Amino acid sequence: GNSVTQMEGPVTLSEEAFLTINCTYTATGYPSLFWYVQYPGEGLQLLLKATKADDKGSNKGFEATYRKETTSFHLEKGSVQVSDSAVYFCALGPLMDSSYKLIFGSGTRLLVRP
Amino acid sequence: NAGVTQTPKFRVLKTGQSMTLLCAQDMNHEYMYWYRQDPGMGLRLIHYSVGEGTTAKGEVPDGYNVSRLKKQNFLLGLESAAPSQTSVYFCASSYAGLYEQYFGPGTRLTVT
């Protein structure tokens, strides 16, 4: 089946620290992989995506590489800011059924302290 | 261009009460989705619609009904609320199946 596993949070970092949030997946077929971010009180926003193996998605200083050999899509950022505090969701899809739904991980809360 | 909006933002219900959550999008998207988000779990698909007048069940449809009478609106109904339906509900829309999904801000529902 299809599933996404993320590291449990919360992850607490000081400003300018290096960030890694782990995401691994199981999938049938060759789905795209996504990172969504949810800021406090808001809906999910697409942060970055990768559509095939070895693709790197990047946005706002965040990066993630689609690793088929390790079935991973880890999110990284070299220097986090307080404004990066949010919940981050890894997802795969869309599934090639009639819904084209996304499969989400449980989310990882990031707290960045000044 | 408001994107995806949801009404209401918060609601408290008593067991057995009914309510309707409204999702509206102004992007002329064909596909619309209702997800629920529970602690320690990812978002799970409740129902979805691939176009005006169509609806279909997702992973966790029991206890919910939906309607898509207008292309821009997708309604989620709870006929007889249960405490297990306490959750945050997100609506999403996309231009078509393989396109990016855009999410609303969510509705936090508590059933006591």
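What you see is a predicted model; the values in this text were computed from it and never measured.

Conventions adopted
- Starting afresh in each chain, residues are numbered from 1 along the sequence in its written order.
- All chains are assigned letters beginning at A, and all ligands numbers beginning at 1, according to the order in which they are written.
- This being a predicted model, a pLDDT of at least 70 is required before a residue's local features are given, and a value of 80 or more before pairs of side-chain atoms are given or counted; all residues contribute to the totals for chains, interfaces and linings.
- Excluded from the side-chain calculations are hydrogens and water; all other atoms, namely the structure's heavy atoms, are used.
- A pair of strands is labelled paired if DSSP reports no fewer than 2 bridges between them.
- Strands here are runs of E lasting at least two residues and helices are runs of H or I lasting at least four, both read from the DSSP assignment and numbered beginning at the N terminus.
- Axis angles are defined between N-to-C directions and span 0 to 180 degrees, where every axis is a line fitted to C-alpha atoms and, for a helix, only to the segment in contact.
- Should any heavy atoms of two residues lie within 4.5 Å, those residues are considered in contact.
- What makes a patch is a set of residues exposed beyond 30% relative accessible area and free of salt bridges, joined within 9 Å when like-charged and within 5 Å when nonpolar (Val, Leu, Ile, Met, Phe, Trp, Tyr).
- Computed with the Shrake-Rupley method and a 1.4 Å probe, the accessible areas treat only the protein chains shown as cover for residues.
- By convention in these notes, a salt bridge is any Lys or Arg side-chain nitrogen within 4 Å of a carboxyl oxygen on Asp or Glu.

Draft legend 1. Expanded view of the sheet that holds strand 7 (residues 56–59) of chain A. Residue and element names in this part refer to chain A. Overall, antiparallel pairing links the four strands, which are arranged 3-9-8-7 in an open sheet. The sheet is open, and its two borders are formed by strand 3 (19–21) and strand 7, each paired with just one other strand. Averaged over all pairs of adjacent strands, the angle between their axes in this sheet comes to 15°, without regard to strand direction. Here four bridges tie strand 7 to strand 8 (residues 62–65), and the two strands are oriented antiparallel to one another. Note on strand 8: the bridge partner recorded for lysine 56 is threonine 65.

Draft legend 2. Inspection of the side chain of Ser32(A) at higher detail. Summarising the element assignment, Ser32(A) is placed in strand 5 (residues 32–38). Those residues within four positions of Ser32(A) in sequence are excluded, and the remaining contacts are Ala50(A), Thr51(A), Ala91(A), Leu92(A) and Gly93(A).

Draft legend 3. Molecular detail of a nonpolar patch on the surface. Together, Met96(A), Tyr95(B), Leu98(B) and Tyr99(B) give the surface a local cluster of nonpolar side chains, amounting to about 520 Å² of exposed area. Mapping Tyr99(B) onto the fold places it in the loop between strand 9 (87–94) and strand 10 (102–103).

Draft legend 4. Highlighting the sheet that holds strand 7 (residues 64–67) of chain B. Residues and elements named next belong to chain B. Pairing in this open sheet of four strands is antiparallel, and the strands run 1-3-8-7 from one edge to the other. Pairing within the sheet leaves two strands with one partner each, and these edge strands are strand 1 (4–7) and strand 7. Neighbour-to-neighbour, the strand axes of this sheet turn through a mean angle of 20°, independent of strand direction.

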